Amino acid sequence: MRRINGTALIIAALVVTLGALAFPMWSYADRSGTGPANLAAGSVATQWGPLSAADRDLLVKVRLAGLWELPAGQQAVERAPTEAIKEAGDHLIVGHTDLDKRARSVAAQLGVELPNQPTAQQQGWLQELTEAEGMEYQRKFANLLRVAHGKVFSVIAQVRDSTRNTLIRQLASDSNQTVLDHITMLEATGLVDFDDIANGGAATATASPTGPPPPNGTAPPEPPPAGPTGDVSTTSRPSPAPPGEVNTNRPEPQM
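Note that the structure is predicted; figures quoted are calculated from it, not measured.

**Q** How should I be thinking about the overall build of the protein in this particular structure?
**A** Looking only at helices and strands, one finds 8 helices and 0 strands in the protein. In the protein, the succession of α and β elements from N to C terminus is α-α-α-α-α-α-α-α. A buried classification covers 32% of the 255 residues belonging to the protein. In the protein, the share of contacts with a sequence separation of at least 24, taken over all contacts with a separation of at least 6, comes to 77%. When the accessible area of the protein is evaluated, it comes to approximately 16800 Å², of which 57% is carbon and sulfur surface.

**Q** How do you make sense of the packing of aromatic side chains when you look at a structure like this?
**A** We describe a pair of aromatic rings using the distance from one ring centre to the other and the angle between the two ring planes. Going through the model one piece at a time under the given rule, you end up with 2 aromatic pairs. Judged by centre distance (5.0 Å) and plane angle (50 degrees), the ring pair of Trp68 and Trp125 falls under tilted. Placement of the pair is Trp68 in helix α3 (residues 53-79) and Trp125 in helix α5 (residues 120-131), with a sequence separation of 57 residues. By relative accessible area, which is 1% here, Trp68 ends up buried. Across the ring face of Tyr137, the terminal group of Arg79 is positioned such that the distance to the ring centre comes to 3.9 Å.

**Q** Mind showing me how you'd approach the pattern of salt bridges here?
**A** If charged atoms from side chains of opposite charge come close, those side chains can pair. Scanning the entire structure with this criterion turns up 7 salt bridges. Notably, a salt bridge pairs Asp98 with Arg102, separated by 2.9 Å at the nearest N-O pair. Taken together, the residues Asp98 and Arg102, both in helix α4 (residues 83-110) and 4 residues apart, mark about one turn of the helix. The same class applies to Asp98 as to Arg102, namely buried. Here Arg104 ties to Asp100 by a salt bridge, and the two come within 2.8 Å at their closest N and O atoms.

**Q** What is the right way to read the nonpolar core from this model?
**A** Soluble, globular proteins show a tendency: their nonpolar side chains are buried together. Leu58, Leu59, Val106, Leu110, Val112, Ile156 and Ile168 are the most contacted members of the largest nonpolar core, which totals 21 residues. Tallying contributions element by element places helix α7 (residues 166-187) first for this core, with 6 residues. Residues in contact with Leu58, not counting those within four places in the same chain, are Val155, Ile156, Val159, Ile168 and Ala172. Counting residues in each nonpolar core, the second largest holds 20 residues, with Ala72, Leu92, Leu129 and Leu145 among its members.

What counts, and where the lines are drawn
Residues numbered from 1 in each chain as written. Predicted model: local features only at pLDDT ≥ 70, side-chain atom pairs only at ≥ 80, totals over all residues. Heavy atoms only, no water. Helix = DSSP H or I, 4+ residues; strand = E, 2+ residues; numbered from the N terminus. Buried < 20%, exposed > 50% of the residue type's maximum accessible area, 1.4 Å probe, protein only. Contact = heavy atoms within 4.5 Å. Areas by Shrake-Rupley, 256 points an atom, 1.4 Å probe, with all protein chains shown as cover. Phe/Tyr/Trp six-rings, centres within 6.5 Å; stacked < 30°, edge-to-face > 60°. Lys NZ or Arg CZ within 6 Å of the ring centre and 35° of its normal. Salt bridge = Lys/Arg side-chain N within 4 Å of Asp/Glu carboxyl O. Core = buried A, V, L, I, M, F, W, Y, C linked by side-chain atoms within 4.5 Å.

Function-wise, these values are silent; they only describe arrangement.
Have a look at this one:
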């Protein structure tokens, strides 16, 4: 009888131990501080799908971008030191007027409050542009705006990839087109400091770069072209426009 009781106690202890080890793994996704838990806590239900904190942040960022980049574009058109700067400013005005309309429409449908003033940092950038003259103005215009567009570009991509809300997904798609258009026009001024942008990105990187080794001076073997095998009939065409051209034609937002 004692042997049976001892065996039962050992089995019970093993079950309890295994349960204690397994429980954290089963419940990990529901624990505070984990990604899924944070996503659930920051999301609200809407008829267009869950609206996450990242979704709302994108709405605010699109609105803030227009609040300072649109007047920066207007200033460039009015001062027009070169045709390239004037054309870039023109694109900023048109693009952010359109995006702001879309962002306000989406925010109204989702019940998200939007800011009405640029941030202190953005106001500082506008002041820098106002006080600059000549070539200094042109360089500041091209680089301040190019860096700002580059940073929001990655945010848009993240939200476009992960959002479960159809309105936010469409806004991210529209924003992606507009931001790429503005990046293209700013780079067309010939004044963007790509070394400075690369160094800024490297300073905040947390992982070592990966990929093929650096070129060693000899030509690598030419890879075979990628394409379908056999006789495949296709009807679509590549989506990117020719280099230097960005198609920003989009349907009017639904108010």
